[in-house]
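Summary of structural features
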Amino acid sequence: MQYFPIFVNLVGKSVVLAGGGEPVLAKLRLLLKTEAEITVFTPSASAAIAALAAEGRITLIPRDFVAGDAKGARLAYVATGDETADARVAALAQADGALVNIVDNLKDSDFITPAIVDRAPVVVAIGTEGAAPVLARAIKAKVEEDLSPLLGQLALLAKDFRAVADQLPQGRARRAFWAEYFEITGPRAFAAGGAEAVLEVLDDLLNRHLAATPAPGRVDLVGAGPGDPELLTLKARAALDRADVVIHDRLVAPAILELARREAVLIDAGKEGFGPSIPQSDINAQMVRHALAGNHVLRLKAGDPVVFARLDEEIEALDAAGIDWAIVPGITAASAAVAAIGQSLTRRGRNGSVRFLTGHDVAGFADQDWRGLARTGEVAAIYMGKRAARFLQGRLMMHGAVPDTPVSLVENASRPDQRIIGTTLRALPEATATLEGPAVLLYGLAPRAASAALEDLKEALS
Ligand code: SAH
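Note that this is a predicted model, so its numbers are computed, not measured.

1. Some words on unusual backbone geometry
A negative phi angle characterises most non-glycine residues, just as the trans form characterises most peptide bonds. P121 follows A120 through a cis peptide bond whose omega is 10°. Looking at the secondary structure, you find P121 in the loop between β6 (115-119) and β7 (122-126). Within the chain, D104 stands out as a residue other than glycine whose phi angle is a positive 60°. Residue position: D104 is located in the loop between β5 (99-102) and β6. With phi around 45°, F308 is a residue other than glycine that occupies positive phi space. The residue F308 is located in the loop between β11 (296-301) and α10 (311-320) in this model.

Here is the structure:
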């Protein structure tokens, strides 16, 4: 982020503009929504600008901008229609202490004016740091559609009621009250009888919420998927919107944590296959403690929580404490990895079963049914297999696996830094040595393009 968004208080503050044409008029239309003192400096004001001055909505000074004109001004907009003049005025206004925007000149401006959706006091500002104004306009159109025109009025009425509603305990109870007001009760009352009707129902709504017994805390054990936020389930997305506390594994992608409610407490449970990690008992204790305090806890796990995620240990701890829980499955790394190489985990005539293996378990390298796996056509998705590569290779070859058996390594599946390495059982240890991020080893599968190339080669040689 190069530009930090803020909302500037312009009540009674001075804003100056230099120029008299359409660009200045466009900015005036926006600025006139505020309570700023607006002054335009130009020897050649358009009729529309002159009319605003005649109505007393702005002050028009019919001359060029000079040093000192922006003294005490918060903001200065410059659009004289001449590049050299713009640069001169901008320098003068900056020297006067104002933040300067040269219209259509991002590089030399101090700030950007975002695209605005106005439901004052609710205001949405959309910026793309100059990268894609068309996109900003498209987002604006979408937000305009999504936000009821009533929203501003409902928010204003809510503002006066805030202090009263603070009788509800902070957190979930208060959120539930406001959610019902904004989504259901408020719009309905407004449609029926305007602001007065809204004020009437607010009291009833509050009393009903005050009388309700607070819902006990709970824990949702949720799959965050392999990393691409678009691979979250709708249920996971909704849980992120609701949760008071999010306890996440280190492997959960930052792009997904970004989606949590702003007020949510984020706790990094820091569990990785190897290296320093928080003991499972501490994670259990944190979940239980936060849920008993009445919080909605989201236990967010990479991939699918039902695959190599110590789910049972956590559920047992929750059951022991009498806490309600639910599992929300997610897309496991193997699914994302196999999609990345354009293959299918099962295939008629090749393999009617597929195994999910872990390269290591609590006791070290994990033992598996090597004999079964060594048969031609077998497919396995191997998790946590990086360090176990040599061990896996040794066991499989010992049980008769063909050294040319294809293996695809998929690192950071579904993330922007996804990497695919097609290799063979013979070269597995060398290939895994180059991996840095989390990776799934797809034993028995070659990347689709690579396998096609191999077929071509075979054909060419025959
Ligand atoms: N519950 C998770 C697995 C956790 S075990 C799931 O269903 O995906 C941790 C292992 O998952 C890592 O060692 C790695 O093998 C695999 N993994 C998790 N995310 C991955 C990703 N984005 N790309 C490749 N492998 C991943």
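Once you've had a look at it, read on.
2. Examining the site of the ligand
Around the ligand lies a shell of 18 residues, among which D304, V307, T332, A413 and A439 are the nearest. Taking V307, its main chain carries an N or O atom lying 2.7 Å from a nitrogen atom of the ligand. At a separation of 2.8 Å, a nitrogen atom of the ligand approaches a polar backbone atom of A413. If the ligand stood free it would expose 540 Å²; the protein chains cover 92% of that surface. The residue inventory of the shell around the ligand, partitioned by class, reads 13 nonpolar, three polar and two charged.

3. What to know about the packing of aromatic side chains
This model, assessed by the stated rule, comprises eleven aromatic pairs. Between the aromatic rings of Y77 and F111, the centroid separation amounts to 5.4 Å while the plane-to-plane angle is 80°, which identifies the pairing as edge-to-face. On the criterion of sequence distance, the pair formed by Y77 in strand β4 (residues 73-78) and F111 in the loop between β5 and β6 is long-range, its members being 34 residues apart. Judged by its relative accessible area of 6%, Y77 is buried. Where F365 meets F391, the ring centres are 5.1 Å apart and the plane angle is 25°; that geometry is what we call stacked. In this pair, F365 is assigned in strand β15 (residues 364-365) and F391 in helix α13 (residues 389-398), connecting sequence segments 26 residues apart. Owing to a relative accessible area of 17%, F391 belongs among the buried residues under this scheme. Linked through ring pairs, F161, F177, W178, Y181 and F182 together constitute an aromatic cluster.

4. Re the layout of surface pockets
Looking at the largest pocket, its volume works out to about 1300 Å³. Of all the secondary structure elements, the ones that give two or more residues to the lining of the largest pocket are α1 (22-31), β4, β6, β7 and α5 (151-165). Here the residues of the lining of the largest pocket sort into 24 nonpolar, five polar and seven charged.

5. Digging into the sheet that holds strand β13 (residues 355-358)
The mixed open sheet is built from five strands, whose spatial order is β13-β16-β19-β17-β18. In this open sheet, the two edge strands, each paired with only one partner strand, are β13 and β18 (419-424). With direction set aside, neighbouring strand axes in the sheet form an average angle of 20°. In this structure, strand β16 (residues 380-383) lies alongside strand β19 (residues 439-443), joined through three bridges in antiparallel fashion. Bridging from a neighbouring strand, I382 pairs with L441 of β19. On top of the sheet, helix α11 (residues 333-340) reaches β13, β16, β17 (406-411), β18 and β19; it is set at about 65° to β19, its chief contact.

6. Comments concerning the pairing of strand β8 (residues 218-223)
Taken across its six residues, β8 has five buried, putting it largely inside the fold. Of the pairings in the sheet, the one linking β8 to β11 comprises six bridges and is parallel in character. The partner of R218 across the bridge, within β11, is H296. In this structure, β8 lies alongside strand β12 (residues 324-328), joined through five bridges in parallel fashion. Counted as the bridge partner of V222 is V328 from β12.

7. A word on a negative patch on the surface
Residues E196, E200, D203 and D204 make up a contiguous surface patch of negative charge. Positionally, E200 belongs in helix α6 (residues 172-211). On the basis of relative accessible area, E200 is assigned to the exposed category, the value being 57%.

8. Things to note about the nonpolar core
Looking at soluble globular proteins, one finds that nonpolar side chains tend to be buried together. One finds L373, I382, L396, L409, L428, L441 and Y443 to be the most contacted residues of the largest nonpolar core, which totals 22 residues. Among the elements that line this core, the one with the most residues is α13, at four residues. Sequence-distant contacts of L441, that is, excluding residues within four places in its chain, are made with A380, A381, I382, G385, L392, V407, S408, L409, L428 and T432. Ranked by size, the runner-up nonpolar core spans 18 residues in total, among them V15, L17, Y77 and F111.

9. Here's the deal with the pairing of β7
Across five bridges, the pairing between β6 and β7 is antiparallel. In the sheet register, R119 faces β7, and the bridge partner there is V122. In sequence, β6 turns back onto β7 through a hairpin of two residues.

10. Focus: the sheet that holds β12
The strand order across the open sheet formed by five strands is β10-β9-β11-β8-β12, and the pairing between neighbours is parallel. Lying at the two open borders of the sheet, with one neighbouring strand each, are β10 (265-268) and β12. Each strand of the sheet is rotated relative to its neighbour by a mean of 20°, with strand direction disregarded.

11. What about the environment of H290?
Along the chain, H290 turns up in helix α9 (residues 280-292). Taking the C-alpha atoms as reference points, H290 and G217, separated by 73 residues in sequence, lie 7.7 Å from one another.

Analysis parameters
- Residues numbered from 1 in each chain as written.
- Predicted model: local features only at pLDDT ≥ 70, side-chain atom pairs only at ≥ 80, totals over all residues.
- Heavy atoms only, no water.
- Helix = DSSP H or I, 4+ residues; strand = E, 2+ residues; numbered from the N terminus.
- Near = heavy atom within 4 Å.
- Polar contact = N/O pair within 3.5 Å; in protein donor to acceptor, adjacent residues only side chain to side chain.
- Areas by Shrake-Rupley, 256 points an atom, 1.4 Å probe, with all protein chains shown as cover.
- Nonpolar A, V, L, I, M, F, W, Y, C, P; charged D, E, K, R; others polar.
- Phe/Tyr/Trp six-rings, centres within 6.5 Å; stacked < 30°, edge-to-face > 60°.
- Buried < 20%, exposed > 50% of the residue type's maximum accessible area, 1.4 Å probe, protein only.
- 1 Å grid on protein atoms, 1.4 Å probe; cavity = no way out; pocket = protein on both sides within 12 Å on 5 of 7 lines; lining within 4 Å.
- Points joined across faces, edges and corners; volume = space filled by probe spheres on them.
- Pairing = 2+ DSSP bridges.
- Axes fitted to C-alpha atoms, helices over the stretch in contact; angles between N-to-C directions.
- Contact = heavy atoms within 4.5 Å.
- Patch = residues over 30% accessible without salt bridge, like charges linked within 9 Å, V, L, I, M, F, W, Y side chains within 5 Å.
- Salt bridge = Lys/Arg side-chain N within 4 Å of Asp/Glu carboxyl O.
- Lys, Arg positive; Asp, Glu negative; His and termini not counted.
- Charge placed at Lys NZ, Arg CZ, Asp CG, Glu CD.
- Core = buried A, V, L, I, M, F, W, Y, C linked by side-chain atoms within 4.5 Å.

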